[in-house]
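Topology and contacts: notes
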Amino acid sequence: MATIFLAIPWGVILILLPLATGMICFLWPKLAKILGVMTTFAIVPSVVGLGWQIASNGVYRYAIGGWSAPLGIELYADGLSLLMLAATALVGFGVSVYSVAYFERAAAVRFWPIWLFLLAALNALFLSADIFNLYVTLELMGLAAVALTALTGSKEALTGAMRYLLATLLGSLSYLFGVALLYLSYGSVDIAILATRVIASPAVWAALGLMGAGLLLKTALFPLHFWLPPAHASAPAPVSALLSALVVKASFYILLRLWLTIFGPLVGGEGVDTLLGLLGAAAVLWGSFQALRQTRLKLLVAYSTVAQVGYLFLAFPLAAAAGVTAWSAAVYLALSHALAKAAMFLVAGNLLRFGGHDRIADLDRVVQRLPLTAGAFALASVSIMGLPPSGGFIGKWLLLEAALAQGRWGLVAVMILGGLLAATYVFKVLGHTFTQADVPHEPNLVPASMEWAALLLALGAVLLGFLASPVLALVGIGDVFSASEVRP
Amino acid sequence: MSTAFLYALVGVGLFCIGLYALIVHAHLLRKILAINVMGSGVFLVLVALANRTENLSPDPVPHAMVITGIVVAISATALALTLMLKVAMETGRAELPDEGRE
Amino acid sequence: MNSWDAWIPLLVVASSLLPGLVIFTLSEDKMRLRTVLNLLGALVKLILVGWMIWGVYHGHHYETRLALLPDLELVLRAGPLALLFVSLSTVLWLVTTVYTIGYLEGSPHRSRFFGFFSLCVTATVGVALAGNLITFLLFYELLTLTTYPLIVHRGTEEARRAGQTYLAYTIFGGAMLLLGTVWLYTLTGTLEFTPKGFVSGLTEVHHPALVIIFALLIAGFGVKAALVPLHGWLPQAMVAPAPVSALLHAVAVVKAGAFGIVRVVYDVFGVESAAGLGVTGPLAAVAAVTIIYGSLRALFQDDLKRRLAFSTVSQVSYIVLGVAIVGPVATIGALVHIVHQGLMKITLFFCAGNLAETLGIHKVSEMNGVGRRMPWSMAAFTVGAFGMIGAPPIAGFISKWYLGLGALEAGQAWVIFVLAASSLLNAAYFLPILHRAWFREPPDAWPDEHDFGRKETAWMLLLPPVATALLALAAGLVASAPFSPLDWANLITAREFYRP
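The notes below deal with the structure included here.

Helix and strand content of chain A: 21 helices and two strands. The C-alpha atoms of chain A give a radius of gyration of 21 Å, which matches the 23 Å a tight globule of 488 residues would have. The principal-axis extent of the C-alpha atoms belonging to chain A is close to 65 × 55 × 45 Å. The buried share of chain A, reckoned over its 488 residues, is 67%. Taking the intrachain contacts of chain A between residues at least 6 apart in sequence as the baseline, contacts between residues at least 24 apart amount to 80%. When the accessible area of chain A is evaluated, it comes to approximately 14900 Å², of which 71% is carbon and sulfur surface. Computing the positive centroid from 23 side-chain charges and the negative centroid from 18, chain A places the two 7 Å apart.

Quick look at the packing of helix α15 (residues 323-355) of chain A against helix α21 (residues 468-475) of chain A now. Residues and elements named next belong to chain A. For the pair α15 and α21, interaxial distance at closest approach is 11 Å and the crossing angle is 115°. Crossing handedness for the pair α15 and α21: right-handed. On α21, the residues that touch S328, V331, Y332 and L335 of α15 are A468, V471, L472 and V475. Grouping the amino acids of the contact of α15 with α21 by side-chain chemistry returns seven nonpolar, one polar and no charged.

Glancing now at the interface of chain C and chain A. Listed per partner, the contact involves 34 residues of chain C and 34 residues of chain A. Carbon and sulfur atoms make up 81% of the area that chain C and chain A hide from each other, which totals about 3000 Å². Summed over the shared surface of chain C and chain A, the number is four residue pairs in polar contact (both at pLDDT 80 or more). Residue assignment for the side of chain C that touches chain A shows that the elements contributing at least two residues are β1 (63-69), β2 (72-77), α5 (133-151) and α6 (157-188) of chain C. Ranked by residues supplied to the side of chain C that touches chain A, first place goes to α6 of chain C with 14 residues. Across the side of chain C that touches chain A, the residue classes tally to 24 nonpolar, six polar and four charged.

Once that is clear, we can look at the pattern of salt bridges. In the structure shown here, the tally under the stated rule is 16 salt bridges over all chains. We note a salt bridge from D364 of chain A to R365 of chain A, for which the minimum N-O separation is 3.3 Å. Close ionic contact of R65 of chain C with E63 of chain C constitutes a salt bridge, the shortest N to O distance being 2.6 Å. Here E63 of chain C falls in the buried class, since its relative accessible area comes to 15%.

What follows concerns the nonpolar core. Counting 433 residues, the largest nonpolar core has Y175, F263 and W397 of chain A together with F269 of chain C as the members making the most contacts within it. Tallying contributions element by element places helix α11 (residues 237-267) of chain A first for this core, with 22 residues. No fewer than three residues from each of domain 1 (1-264) and domain 2 (279-500) of chain C sit in this core. Leaving out residues up to four positions away in the same chain, F269 of chain C has contacts with K196, G197, V199, L210, I213, F214, L217, V264, A274 and L277 of chain C.

Let us look at the environment of L176 of chain A. Structurally, L176 of chain A is set in helix α7 (residues 155-186). Each residue touching L176 of chain A, except ones within four places of it in the same chain, is listed here: F132 and Y135 of chain A together with V42 and F43 of chain B.

The next subject is the packing of helix α16 (residues 375-389) of chain C against helix α18 (residues 414-439) of chain C. All names here are of chain C. Where α16 meets α18, the closest approach of the two axes is 9 Å, and the angle between their N-to-C directions is 165°. With respect to each other, α16 and α18 are oriented roughly antiparallel. For the element pair α16 and α18, the recorded crossing hand is left-handed. Contacts from P375, M378, A379, F381, T382, A385, F386, M388 and I389 of α16 reach α18 at S423, N426, A427, F430, L431, I433, L434, A437 and W438. Class assignment for the residues of the contact of α16 with α18 results in 15 nonpolar, three polar and no charged.

Reading the values: the criteria
Residues numbered from 1 in each chain as written. Chains lettered and ligands numbered in written order. Predicted model: local features only at pLDDT ≥ 70, side-chain atom pairs only at ≥ 80, totals over all residues. Heavy atoms only, no water. Helix = DSSP H or I, 4+ residues; strand = E, 2+ residues; numbered from the N terminus. Rg over C-alpha atoms; globule rule 2.2 N^0.38 Å. Buried < 20%, exposed > 50% of the residue type's maximum accessible area, 1.4 Å probe, protein only. Contact = heavy atoms within 4.5 Å. Areas by Shrake-Rupley, 256 points an atom, 1.4 Å probe, with all protein chains shown as cover. Lys, Arg positive; Asp, Glu negative; His and termini not counted. Charge placed at Lys NZ, Arg CZ, Asp CG, Glu CD. Axes fitted to C-alpha atoms, helices over the stretch in contact; angles between N-to-C directions. Left-handed = near helix turned anticlockwise from the far one by under 90°. Nonpolar A, V, L, I, M, F, W, Y, C, P; charged D, E, K, R; others polar. Buried area = accessible area lost by both parts, 1.4 Å probe. Polar contact = N/O pair within 3.5 Å; in protein donor to acceptor, adjacent residues only side chain to side chain. Salt bridge = Lys/Arg side-chain N within 4 Å of Asp/Glu carboxyl O. Core = buried A, V, L, I, M, F, W, Y, C linked by side-chain atoms within 4.5 Å. Domains from an automatic or database assignment. Parallel < 35°, antiparallel > 145°, perpendicular 65-115°, else oblique.

Here it is as structure tokens:
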């Protein structure tokens, strides 16, 4: 039984299943909701199966159609891919359950096919082994994300989506140019092969610049974050959750992967990682300040994403001397943020449904009337602030450990200040959930599934705080972090 | 300089022209055109340098990449044009509002 | 070691966590079930703590370890110091639960309140049983998160703002604590509480870093312990209902801060290393300033709870002062004051709550003649007040005696003046209250009287302060008996701090 379970090509299922059901949802809209939920539910054991395979047999490789590189497409999964896939599966399932109750008929018919398509693109991205396939999946993901953003058809949603589309296309083209340069210089697009062939040359520097710029634009690192707040704030709540939690992480994943294998060993220590660290620090501070100024919840949460993305980049300058700790921290922060931020956006959706608005100062005794929602926001906040016990705390601890051991006081100060600012904007919201609004309004019913989806995702972010040992052990499969220490 | 590199330089030039136009022009149709020009630039680089060794037959892999890229570009352009039309219908102008903080 | 022993500390923590979580789900009208759960949790915790005390006395070892990070564990360990604090917390929780049930009779949102109340005690017990600095940090921050909803419970704009102030201070303190802890970890590679500390090998090499780390840790704990100038949140938090003030000021928050300082000086740095680094002097100075400042501010408060709040600011620093004086007798005084101050202060707050609930009295100026209307409450108040002043035979006298003796023994005679001045100031702000209550004529009408028939007030509001007043009296009267707080403090000092 176990051998059969292990022999199934889980990687292929992860990509084909959502793709197929997405098309079926498009063709037969009546089946959309039920098929969508079932698919996202089935993705979870598929990821578990893949994890089991990796844990038993080591890194997972699969050549589609039997054709291997350089002309064929290979699937590759190590510990890092697995964790990203797991985050996608969990957040995807939670958001899907939420969406069943959230969307009414007309919007649901458009939502499910595009969401499943996005899911297929995400899974394919995390399973890609070569840089061109990454381009294709990146582009697919971006287009699906833009379409989802524009779903409501409101003025803000459309302009936000348009801005997002232009940014994402620019990013992809820049990335593609970099891919072209790398292929034309070294004759391969496979990441592992490129890692062995690259040497520090003008072509590699140009490729780094282009691909880096493109991916940073897609990850919304300061100062290329301008498109994110309008897009994430005007999209429907479940879409915002997916965008902040997963889509932004996908481009970060690519950047991380390329840095660890191709660019880091060559140019690490030459100022690029310091630059990334500086931009990350600026993102943390700028994003947090902007979040503080917001009067609407969705914008506050969107700016919080800008800040949290900055934390991920603080690992770059620290990694040269303490690779495993710094990268583990970044991955842990990415995972925790995915769960916590998704929960926060779902909470915003609940509050919108409840009161018809998301103005923070007018939240009306939410803690008493929507306790599960308020609890979800509180738990998610614990992770965002980096307070124990939560996944965010573990990530923050590891980053601080690396920074203090290396005497990087600037980074330490940014991390501490970032945490304090996060606490300020988070408790601004929580404080108002206890008080009465000046003008009370008639509450609308919020379906239990929506409240529970938000709560369980937030609980996941907190539980991650207790699972550091097994999760970090998983990341170690494939040894991708220690291999990145700078080559002399 | 060989023909291949000349074409490649033109491709780089197209990329830069497109980038400039994307940033400078406000009208959405021009921005979408700019993206397309940039894309064409990258494709030109790929196709040109597929033929960089003059005596042997051209490398098929960049050609495959360009074909994929064209397909992606077409889908993206279709989406972009539809969005632009909707934005124009909703706001009355085919331009993005100023990127101020809301 | 029996394998069950490893679970007991965790069960002690769970005994208030699980009832708390269940209480959240109860609807408002399930009063009886809520009461049962609360009391059951408190009793179970009491039994488990008693078991542990008996077990430790007979040589058992209770320790729970859970992996947190690949190279760091969460540790709950029942050592003598831990047991001192955890038994104080447990006994006072039981008493406060009874009081709160009576106090919140008819108030809205009781399920929410009692849920957070139980979580708050969970965090306190976790702080008490923490076996290393990261476990301490975890439960300490949890304490911040669980006490916030209690402060903003009433949902008014004033409560919300008090909550913001509270958070501003405590989150800042938490950040300092985190920084100090991680930094220490990068230097020493361990965070386990060890008798005599674990930094002794590093004092020469890392002297400046260790001094800064000490300052960071003390700042982090000092916020909750209300050391000047980090005390600003405490008077503002008085907007919370009286049981919250009672719990926060006698048991949970301020004690956790003071307990943290005790741990830092004895089990992280070791008192000799700390003295060697030159940080005990400044710490003693800060404590002394806090003692005097708190007493001075208390003098000018008319609002009763605020007067008691500043009194707390002052009294908790006795513990810090005792810790900062390098000598076993001062240590005994500090440790025993943890218990004594808790008992006395909670009595005072319970009485203040009674006056507010029964007669609508919030200010000292409204307390004329209240001793005749509420004799039992005022009697308990009197016991607590005299204990604060340091009058024998109440427990407070014992603490001050040992602190003074310890100061003399350590060659820090100036401390005596601080203690004397503080006692005088305590008298200056407590005696007038007693005089008013017992010797002045009552007004024609109380601000907001509730009728309880022939009784003074509800028995649930009366029993707790009387009980804790009796305990404060007993702790002083039978201090020389075995198992008294004093005897226990002796044991801890001998066993943990000054083992040869």
